[in-house]
Amino acid sequence: MNRQKKMKQTLKKITKKLNAKKQPKKKSTYICKADRALIQAKEKADKELPE
């Protein structure tokens, strides 16, 4: 009984890890505050130019 339980636990652990790797990542990469400000400034400049 104990051996079977251990085997099931290890198999569950392995399948859990494999499934976790298959799932898409939920978080996007972090963009620092300075980079965000640059991107925002570029967007504003692009919006003003075409007019």
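Residues numbered from 1 in each chain as written. Predicted model: local features only at pLDDT ≥ 70, side-chain atom pairs only at ≥ 80, totals over all residues. Heavy atoms only, no water.

Caption draft 1: Local environment of the overall build of the protein chain. Each helix and strand counted, the protein chain has two helices and zero strands in total. Relative to the compact-globule value of 10 Å for 51 residues, the protein chain shows a C-alpha radius of gyration of 24 Å, a clear excess of over 25%. In the protein chain, which comprises 51 residues, the proportion classed as buried is 0%. With an accessible surface of roughly 6000 Å², the protein chain has 58% of that area assigned to carbon and sulfur atoms. (Helix = DSSP H or I, 4+ residues; strand = E, 2+ residues; numbered from the N terminus. Rg over C-alpha atoms; globule rule 2.2 N^0.38 Å. Buried < 20%, exposed > 50% of the residue type's maximum accessible area, 1.4 Å probe, protein only. Areas by Shrake-Rupley, 256 points an atom, 1.4 Å probe, with all protein chains shown as cover.)

Caption draft 2: Geometry of a nonpolar patch on the surface. Together, Leu11, Ile14 and Leu18 make up a nonpolar patch on the protein surface, roughly 300 Å² of accessible area in all. You can see Ile14 is positioned in helix H1 (residues 2–22). (Patch = residues over 30% accessible without salt bridge, like charges linked within 9 Å, V, L, I, M, F, W, Y side chains within 5 Å. Salt bridge = Lys/Arg side-chain N within 4 Å of Asp/Glu carboxyl O.)

Caption draft 3: Here's a closer look at H1. For H1, which comprises 21 residues, the first-to-last C-alpha distance of 31 Å matches the rise-based estimate of 30 Å (1.5 Å per residue) to within 8%. With zero of 21 residues buried, H1 lies mostly on the surface of the structure. (Expected span 1.5 Å × (residues − 1).)

Caption draft 4: Layout of the environment of Asp46. One can find Asp46 in helix H2 (residues 33–48). Each C-alpha atom, one on Asp46 and one on Asn2, is 67 Å from the other, the two residues being 44 residues apart in sequence.

Caption draft 5: Focus on the environment of Pro24. Secondary-structure assignment places Pro24 in the loop between H1 and H2. Relative accessible area serves as the criterion here: at 63%, Pro24 is assigned to the exposed category. It is 27 Å that separates the C-alpha atoms of Pro24 and Gln40, two residues lying 16 residues apart in sequence.

Caption draft 6: Focus on the environment of Lys42. Mapped onto the secondary structure, Lys42 falls in helix H2. With relative accessibility at 59%, the residue Lys42 sits in the exposed group. C-alpha separation for the pair Lys42 and Lys26, spaced 16 residues apart in sequence, amounts to 27 Å.

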